[in-house]
Number of protein chains: 2
Amino acid sequence: MKWYFVATLLTVLTSSQGILTTLSQSNGKYKYDYATVPFLAEVFKLIVSSVFLWREFKKSPPPKMTTDWKSVRLFPIPSVIYLIHNNVQFATLMYVDTSTYQIMGNLKIVTTAILFRLFLSKKLSNLQWMAIVLLAVGTTTSQVKGCGEASCDSLFSAPIQGYMLGILSACLSALAGVYTEFLMKKNNDSLYWQNVQLYTFGAIFNMARLLLDDFRGGFEKGPWWQRLFDGYTVTTWMVVLNLGSTGLLVSWLMKYADNIVKVYSTSMAMLLTMVLSVFLFNFKPTVQLFLGIIVCMMSLHMYFAPPHMLVDLPSAVRSDPESLVNVPVDRKTDS
Amino acid sequence: MKWYFVATLLTVLTSSQGILTTLSQSNGKYKYDYATVPFLAEVFKLIVSSVFLWREFKKSPPPKMTTDWKSVRLFPIPSVIYLIHNNVQFATLMYVDTSTYQIMGNLKIVTTAILFRLFLSKKLSNLQWMAIVLLAVGTTTSQVKGCGEASCDSLFSAPIQGYMLGILSACLSALAGVYTEFLMKKNNDSLYWQNVQLYTFGAIFNMARLLLDDFRGGFEKGPWWQRLFDGYTVTTWMVVLNLGSTGLLVSWLMKYADNIVKVYSTSMAMLLTMVLSVFLFNFKPTVQLFLGIIVCMMSLHMYFAPPHMLVDLPSAVRSDPESLVNVPVDRKTDS
């Protein structure tokens, strides 16, 4: 399977996630407990990965699995980072409004590239760094408030703590991604075995969160397992399956492609969602959405196109395709 | 003299032009006839070029001058194109408002590159084409109406004639630039002799325009030469000298650099004017101005940086700087 096929699928599913979530609401409100969705998605991913792992067992050679505690104990770390991230996110939203938070969220494109460079020692060319900055600028442009919309000026008027927490949030989000990539690539264990470890801890952490919410609420609505499927419709189940599927695709990309591919997929998904919203929910398209899309498309081409397609290389190089083999960023594409 | 020095000076002077013009108004109105400014600027350019040409005559060898009518008759053509352009501009503004017109004006960045490619047969790399598109997107982004500003929605709601005329206007503006570059480069005549021809016709056409305005107004305010300096202040004279100087710099760039350099200079000037307006006229800075500046800076670097600074070339090429000589777009830099 080629990485760009998986990346495209991730874009489509991530985009559907926003649409499905909106469709699963009635009159703009959730009739079900949204906190149960990520938990069930973790369970779904765990089941799917277990089935695939079991199928690998029936073939020979058996899947490569490191069951050493020294290795297994690393797999809850992404869940821990996400837990901290969620709390920082909550704190940030006490200082800034949601649209400022959304704009600041684009920072994680840049922080991911920086941590990717620092912790995974991947080299990016100057053009690729420029592409990363342009991707962040493009997504931000598309989100700039249109003329005549409410809550102007909020972007520059939040307290300094809000911006600091926003930056911290972007760093934590990037760290979780980069750490997961490190985990998936540190040995050639079976992807499904790595997934089983990742999602077991993911399910546990999500369960703990549901339980904590119950404690905080004094069990007024009863324990979470009694109302797990309350208000669930077919659309809600599609939200769960869709979220689970995007998780599995991200996991695949972390092992066989990298964080930058994931960042491009999800950024393109954000733009696709906005375009689809114009048709599905009668959102008014803005000039800045159009401009943002152009910038992101240019960025995509700048990052992934091989150099000889972008610049005129000296003829000596162009006539010798062998010498170009090392030019594109090394990307494992074997599935 | 290096082309980037001239280009930077052009950026500063073009930016000053907007600031000075605003400063020359009192209570938002011109106390002088603005139509006299371009005429006097043409006269200023003609005088300066004549002086320089005369100085060249005193040296040996004498300046190279083609005085053949077959050559001289080509020099009024830019003035004719500008005359048509002005009328198309006037017609466009009957269909679209000024802010839509300003946004559409960025199209001339792209049309200039297209005509530059077609008529002057200059090759641009894919990356340079992308840089051109990004420059147009960046300048447009910076001009997008801020949240809460008046006259929303106007951009998509003009009649189709408005957009057609806007495109025609962008093509004419590009054609004038590309034709001037052709004139300046078609032989190695002295720059000052070429300028003298260009500005003589420029002065005549501007004079004709003033006379035509008088006829249209039924000479109510008297003939133009009697009220030429009416209401002129020191600032008005600075506007004239500044406009003349930018014209001389553009002329130099057309001969020793090219239209794309000019397009970058004037686009950067537009952004510089907006930034200066924040400080000088208390304009409220917008997020889109900030984003537009980043996109334009990236575009500048993409267009002009030598390829080996942008992408990782195969080591065989990198270690042999001689083989890179032909890579940058050929640009004459001898003054």
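Conventions adopted
- Residues numbered from 1 in each chain as written.
- Chains lettered and ligands numbered in written order.
- Predicted model: local features only at pLDDT ≥ 70, side-chain atom pairs only at ≥ 80, totals over all residues.
- Heavy atoms only, no water.
- UniProt positions renumbered as here; feature names shortened; annotations may be inferred.
- Helix = DSSP H or I, 4+ residues; strand = E, 2+ residues; numbered from the N terminus.
- Rg over C-alpha atoms; globule rule 2.2 N^0.38 Å.
- Contact = heavy atoms within 4.5 Å.
- Areas by Shrake-Rupley, 256 points an atom, 1.4 Å probe, with all protein chains shown as cover.
- Lys, Arg positive; Asp, Glu negative; His and termini not counted.
- Charge placed at Lys NZ, Arg CZ, Asp CG, Glu CD.
- Expected span 1.5 Å × (residues − 1).
- Polar contact = N/O pair within 3.5 Å; in protein donor to acceptor, adjacent residues only side chain to side chain.
- Axes fitted to C-alpha atoms, helices over the stretch in contact; angles between N-to-C directions.
- Parallel < 35°, antiparallel > 145°, perpendicular 65-115°, else oblique.
- Left-handed = near helix turned anticlockwise from the far one by under 90°.
- Nonpolar A, V, L, I, M, F, W, Y, C, P; charged D, E, K, R; others polar.
- Core = buried A, V, L, I, M, F, W, Y, C linked by side-chain atoms within 4.5 Å.
- Buried < 20%, exposed > 50% of the residue type's maximum accessible area, 1.4 Å probe, protein only.

An unreviewed UniProt entry lists chain A under the name UDP-galactose transporter, with Corchorus olitorius as the source organism. Under the heading Subcellular location (unreviewed entry), UniProt records this for chain A: "Membrane".

Each helix and strand in chain A was counted, giving 14 helices and 0 strands. Reading the secondary structure of chain A in the N-to-C direction produces α-α-α-α-α-α-α-α-α-α-α-α-α-α. Radius of gyration (C-alpha) of chain A: 21 Å, near the 20 Å computed for a compact globule of 335 residues. Counting only C-alpha atoms and orienting by the principal axes, one finds that chain A spans roughly 75 × 65 × 40 Å. Pairs at least 24 apart in sequence give 82% of the contacts found in chain A among residues at least 6 apart. With an accessible surface of roughly 16,700 Å², chain A has 66% of that area assigned to carbon and sulfur atoms. Treating the 27 positive side-chain charges of chain A as one cloud and the 19 negative ones as another, the clouds have centres 3 Å apart.

What follows deals with helix α11 (residues 259-280) of chain B. All names here are of chain B. Compared with the 32 Å implied by 1.5 Å per residue over 22 residues, the 30 Å span of α11 between its first and last C-alpha is a close match. Its side-chain oxygen at 3.0 Å from the backbone nitrogen of I260, D258 defines the N-terminal cap of α11. A positive phi of about 55° marks N282, the residue just after α11.

In this section: the packing of helix α7 (residues 126-143) of chain A against helix α12 (residues 287-304) of chain B. Running from N to C, α7(A) and α12(B) cross one another at 155°; their axes reach a closest spacing of 10 Å. By the criterion of interaxial angle, the relationship of α7(A) to α12(B) is roughly antiparallel. As for the relative orientation of α7(A) and α12(B), their crossing is left-handed in sense. The residues of α12(B) that touch α7(A), namely those facing L127(A), M130(A), V133(A), L134(A), V137(A), T140(A) and T141(A), are L291(B), I294(B), V295(B), M298(B), H301(B) and M302(B). Considered class by class, the residues forming the contact of α7(A) with α12(B) number 10 nonpolar, 3 polar and no charged.

To continue, consider the nonpolar core. Counting residues in each nonpolar core, the largest one holds 71 residues, and the members touching the most others are M302(A) and M302(B). Once residues lying within four places of it in the same chain are set aside, the contact partners of M302(A) are L127(A), M130(A), A131(A), L134(A), L310(A), L127(B), M130(B), L134(B) and M302(B). Counting 29 residues, the second largest nonpolar core, distinct from the first, contains A91(A), L198(A), L249(A) and W252(A).

A few words on the environment of K58(A). All names here are of chain A. On the secondary structure map, K58 appears in helix α2 (residues 36-58). On the basis of relative accessibility, which here comes to 61%, the residue K58 falls in the exposed class. Separated by 53 residues in sequence, K58 and T111 place their C-alpha atoms 42 Å apart.

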